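# Architecture and fold: a report
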Amino acid sequence: MPVRNEARFIDASLTALRAQDHPHVEIIVCDNASDDDTLAICERHALADARVRIERSSQNLGAIGNFRRAFELARGEYFMWASGHDLWSTDFVSACASRLQAESGASIAFAGSRWIDAEGGPLARASGWADTRGLAPLARWMTVFWGNMHPIYGLIRSAHLRACAAMEERVGADLVLLAELALRGDFVHVPGPLWSRREFRRETAYEHKLARYSSHENRIAGTVWRRRFPLLGLPLALAATLSRANIRGVERWAALLALAGALPLRHRIGRRMTIG
């Protein structure tokens, strides 16, 4: 759980994680130099539950730096990033772990999702999902490219994640990581468990989201060039995932050509989804 200043919701989020019915769960809270009551709330949970471990940074590592640190500290066969404001059904981890055990070639097992507001009430908003079983590696890559980023919060096979290049501080870092994971294995949808994604920010335009990314809190698009051109470097990062993949040369070059034409459209669609 990589967090910074999540005092408003983290008590409910940690309560939901501690209620997971899987018998072997380690909860690592990576506090990214919070200056609200986040740490105090986490310490109360750690005193009540030995499975909760707090790792605090004295300086802000940036959102992606803290995400990297959370995985570096994890020891399990499977791993998930957990937001400090979301909720999960009690069977989320156990159901996804069972699916990964049954599907030895899968990279990620992820549940259905619903959107909730700050008070936990349902929002009139829905997000689809794509199960990539039965698809060739390149087809899986394309499916992830055009899909949403929700699987990044699924349960991930740690060995596959370690084999991927580390996330960089850029807009689209989640897309790059998911693209590489898709080349390594399937994304498997698990019916039944539920992830509740909380939407509490009042962002009505893509520019508002970009401003949050480049803020002192997050530092995702921190340089002037990346703030002005948020996709700067993203085509090369995506192309690099294809270059490292075990696919035929003709297919690789065809995919690279398709990427060049598709990325502007993907960006435009993503902007509409952000403010929809």
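Provided above is the structure to which this section pertains.
The following refers to the structure shown.

Reading the values: rules and limits
- Residues numbered from 1 in each chain as written.
- Predicted model: local features only at pLDDT ≥ 70, side-chain atom pairs only at ≥ 80, totals over all residues.
- Heavy atoms only, no water.
- Helix = DSSP H or I, 4+ residues; strand = E, 2+ residues; numbered from the N terminus.
- Buried < 20%, exposed > 50% of the residue type's maximum accessible area, 1.4 Å probe, protein only.
- Contact = heavy atoms within 4.5 Å.
- Areas by Shrake-Rupley, 256 points an atom, 1.4 Å probe, with all protein chains shown as cover.
- Core = buried A, V, L, I, M, F, W, Y, C linked by side-chain atoms within 4.5 Å.
- Right-handed = clockwise from strand over helix to strand, strands pointing away.
- Pairing = 2+ DSSP bridges.
- Axes fitted to C-alpha atoms, helices over the stretch in contact; angles between N-to-C directions.
- Parallel < 35°, antiparallel > 145°, perpendicular 65-115°, else oblique.
- Left-handed = near helix turned anticlockwise from the far one by under 90°.
- 1 Å grid on protein atoms, 1.4 Å probe; cavity = no way out; pocket = protein on both sides within 12 Å on 5 of 7 lines; lining within 4 Å.
- Points joined across faces, edges and corners; volume = space filled by probe spheres on them.
- Nonpolar A, V, L, I, M, F, W, Y, C, P; charged D, E, K, R; others polar.
- Phe/Tyr/Trp six-rings, centres within 6.5 Å; stacked < 30°, edge-to-face > 60°.

## Some points on the overall build of the protein chain
- Counting its regular elements, the protein chain contains 11 helices and eight strands.
- When the 276 residues of the protein chain are sorted by exposure, 50% land in the buried category.
- Excluding contacts between residues fewer than 6 apart, the proportion of contacts in the protein chain whose partners are at least 24 apart in sequence is 78%.
- Total accessible area on the protein chain stands at roughly 13,400 Å², and carbon and sulfur atoms take up 55% of it.

## Thoughts on unusual backbone geometry
- Despite not being glycine, Asn 5 has its phi angle at roughly 55 degrees, a positive value.
- Here Asn 5 is to be found in the loop between strand E1 (2-3) and helix H1 (10-18).
- Judged by its relative accessible area of 23%, Asn 5 is partly exposed.
- Residues other than glycine seldom take positive phi values, yet Ala 33 does so here, at roughly 55 degrees.
- Mapped onto the secondary structure, Ala 33 falls in the loop between strand E2 (27-32) and helix H2 (38-48).

## Focus on the nonpolar core
- Counting 43 residues, the largest nonpolar core has Trp 81, Trp 141 and Leu 238 as its most contacted members.
- Elements represented by at least two residues in this core include exactly E2, helix H3 (63-73), strand E6 (106-116), helix H5 (137-146), helix H7 (173-184), helix H10 (234-243) and helix H11 (249-275).
- In this view, Trp 81 contacts Pro 2, Phe 67, Ala 70, Phe 71, Ile 152, Tyr 153, Ile 156, Leu 161, Met 167 and Leu 177; residues no more than four positions away in its chain are not counted.

## Topic: the pairing of E2
- With six of six residues buried, E2 lies mostly within the body of the structure.
- Both faces of E2 are covered, namely the face carrying Ile 27, Val 29 and Asp 31 and the face carrying Ile 28, Cys 30 and Asn 32.
- Of the crossover connections in this fold, the one passing from E1 over H1 to the parallel E2 is right-handed.
- Pairing between E2 and strand E3 (residues 52-57): six bridges, direction parallel.

## Observations concerning the packing of H5 against H7
- Orientation of H5 relative to H7, taken along the N-to-C sense of each, is 155 degrees, at an axis distance of 8 Å. By the angle between their axes, H5 is roughly antiparallel relative to H7. As for the relative orientation of H5 and H7, their crossing is right-handed in sense. Contact with H5, carried on its side by Pro 137, Arg 140, Trp 141, Val 144 and Phe 145, involves Leu 175, Leu 178, Ala 179, Ala 182, Leu 183 and Arg 184 of H7 and no other residues of that element.

## Description of the layout of surface pockets
- One number sums up the size of the second largest pocket: a volume of about 480 Å³.
- Breaking the lining of the second largest pocket down by element, the ones donating at least two residues are E2, strand E4 (78-79) and helix H4 (92-102).
- The dominant element in the lining of the second largest pocket, judged by the number of residues it contributes, is H4, at three residues.
- When the residues that make up the lining of the second largest pocket are grouped by side-chain class, the tally is 14 nonpolar, five polar and three charged.

## A short note on the packing of aromatic side chains
- If you walk through the whole model with that rule in mind, you get eight aromatic pairs.
- Pairing Phe 79 with Trp 81 gives two aromatic rings, centres 5.1 Å apart and planes at 85 degrees, and the pair type is edge-to-face.
- Overall, the relative accessible area of 3% leaves Trp 81 in the buried class.
- Seen from their ring centres, Tyr 153 and Trp 195 are 5.6 Å apart, and the 40 degrees between their planes marks the pair as tilted.

## Comments concerning the sheet that holds strand E8 (residues 186-198)
- The mixed open sheet is built from five strands, whose spatial order is E4-E7-E6-E8-E5. Each having just a single partner strand, E4 and strand E5 (87-88) make up the two edges of the open sheet.
- Relative to strand E7 (residues 155-157), E6 is paired through two bridges, and the arrangement is antiparallel. Directly across from Ile 108, in E7, lies its bridge partner Ile 156.
- Strands E6, E7 and E8 of the sheet are contacted by H7, whose axis makes an angle of about 135 degrees with E6.

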